[in-house]
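Coordinates in review
Here is what each chain is made of, one letter per residue.
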Amino acid sequence: MHTQGMLRDNALKGKTIIITGGGTGLGRSMGKYFLELGANLIICSRKQDVLDKTAKELAKETGGSVLAIACDVRKYDEVENVLAKGIEKYGQVDILLNNAAGNFISPTERLSHRAFDVVVDIVLKGSYNFTLAMGKYWIEKKIKGTVLSVLTTYAFTGSGWVVPSVCGKSGVLGMTKSLAVEWARHGIRLNAVAPGPFPTEGAWSRLLPDPIKEEFDPTKKVPLGRVGDHQELANLAAYMVSEYSAYITGDIISIDGGEWLKGAGQFNNMDKVTPEMWDMLETFMKGKK
Ligand code: HXC
Ligand code: NAP
């Protein structure tokens, strides 16, 4: 069931959606479902060849319209260019999905300041650049636009070994909650999703490289015992950018099979205690007055 599309046909009909980093991974999967639901798509990232290939494939697979524009989200003039080209082609842009990211695992003290910058700039600056450009446009044109940002669950909790990403994602979380209130009077909604592990080449190659893949297998950490399926994230994202979620703003929805809560609850590793051990422990503890 969770691997099937969920929303009604044409739920995004007539909407034009920008997805940053839409040429690969989760951005591509969400984009495909938005197209199936009737949206027009604008995908942008640094690599024009990757975008062109994806645009061609998605248009063929769905019959929808996809515009591919190279853009480094860190550069405001390139962000404005994406918006201008989108308006030129589709007349209006309604929805922004902040999905582009950079990340890698490293002990923080080993990072150069440039390594810190590169991740924070893609994640935080890239997201506020696009959000600002869209907000100015929507307010001027009186369009009730929607922003959805892709965070991670460690935006709530923090996490060692990915500290630049934590800084970037937590900043986007703060922006989402702040602007949800500030721009509500213009009818603009901002929300975010916080995925747990969803296999993609981009994330797996940088966060779960082969030498540590077995030991850090995410399925061992997720209470529901599996990684996410791209369609279930696409279902959530489509709902969050559609008008079915019109009363939700400023919220961050986790989709992680319970992974982050498992790490948070003090006794949540008691699943290692076997039934035989519980028999023994119960006998032992019941005797205590
Ligand atoms: C330490 C590193 C490093 C590493 C790069 N650097 N990789 N330092 N460990 N693994 C340093 C470099 O030495 C350099 O610093 C600086 O970072 C910039 O590196 P460049 O290679 O010049 O940067 P660039 O070509 O712009 O590439 C950016 C990138 C790259 C972030 C490093 O990985 C990238 O393009 N990523 C995009 C896609 C991505 O990351 N996807 C995964 C998202 S997954 P010096 O000082 O040497 O100049 C995700 C999931 C989260 O976010 C949650 C999962 C559950
Ligand atoms: P991915 O395929 O590597 O996606 C990242 C995208 O960002 C790429 O398409 C990349 O394209 C683009 N990008 C990077 N730097 C950019 C820049 N400066 N300007 C424009 N675009 C840029 O990885 P993914 O796993 O699908 O990640 C997608 C999102 O999900 C990210 O926000 C990530 O943090 C989030 N997430 C993923 C997981 C997971 O388990 N996969 C879990 C939690 C959150 P170019 O290289 O062409 O620029």
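Structure report, in brief. (Residues numbered from 1 in each chain as written. Chains lettered and ligands numbered in written order. Predicted model: local features only at pLDDT ≥ 70, side-chain atom pairs only at ≥ 80, totals over all residues. Heavy atoms only, no water.)

**Brief notes about the site of ligand 2**
The immediate surroundings of ligand 2 are formed by 27 residues, with Thr24, Ser45, Arg46, Lys47 and Thr200 found nearest. In this structure, Ser45 approaches ligand 2 through a side-chain N or O atom, which is 2.7 Å from an oxygen atom. Bound to the protein, ligand 2 loses 91% of the 870 Å² it would expose on its own. The set of elements that each furnish at least two residues to the shell around ligand 2 consists of α1 (25–36) and α7 (201–207). The greatest single-element share of the shell around ligand 2, amounting to 3 residues, is contributed by α7. When its residues are assigned to classes, the shell around ligand 2 shows 13 nonpolar, 9 polar and 5 charged. (Near = heavy atom within 4 Å. Polar contact = N/O pair within 3.5 Å; in protein donor to acceptor, adjacent residues only side chain to side chain. Areas by Shrake-Rupley, 256 points an atom, 1.4 Å probe, with all protein chains shown as cover. Helix = DSSP H or I, 4+ residues; strand = E, 2+ residues; numbered from the N terminus. Nonpolar A, V, L, I, M, F, W, Y, C, P; charged D, E, K, R; others polar.)

**Details of the environment of Ser127**
If you trace the backbone, Ser127 turns up in helix α4 (residues 113–141). Discounting residues that sit within four places of it in the chain, Ser127 has contacts with Asn98, Ile122, Val172 and Met175. (Contact = heavy atoms within 4.5 Å.)

**Describing the site of ligand 1**
Taken together, 16 residues surround ligand 1, and among them Arg46, Asn103, Ser112, Arg114 and Arg206 come closest. At 2.8 Å from an oxygen atom of ligand 1 is found a side-chain nitrogen or oxygen belonging to Arg46. Relative to its unbound accessible surface of 1,100 Å², ligand 1 loses 60% to contact with the protein. Of all elements in the fold, only α4 and α7 reach the threshold of two or more residues within the shell around ligand 1. Among the elements that make up the shell around ligand 1, the one with the highest residue count is α7 (4 residues). Class assignment of the residues belonging to the shell around ligand 1 gives a composition of 8 nonpolar, 5 polar and 3 charged.

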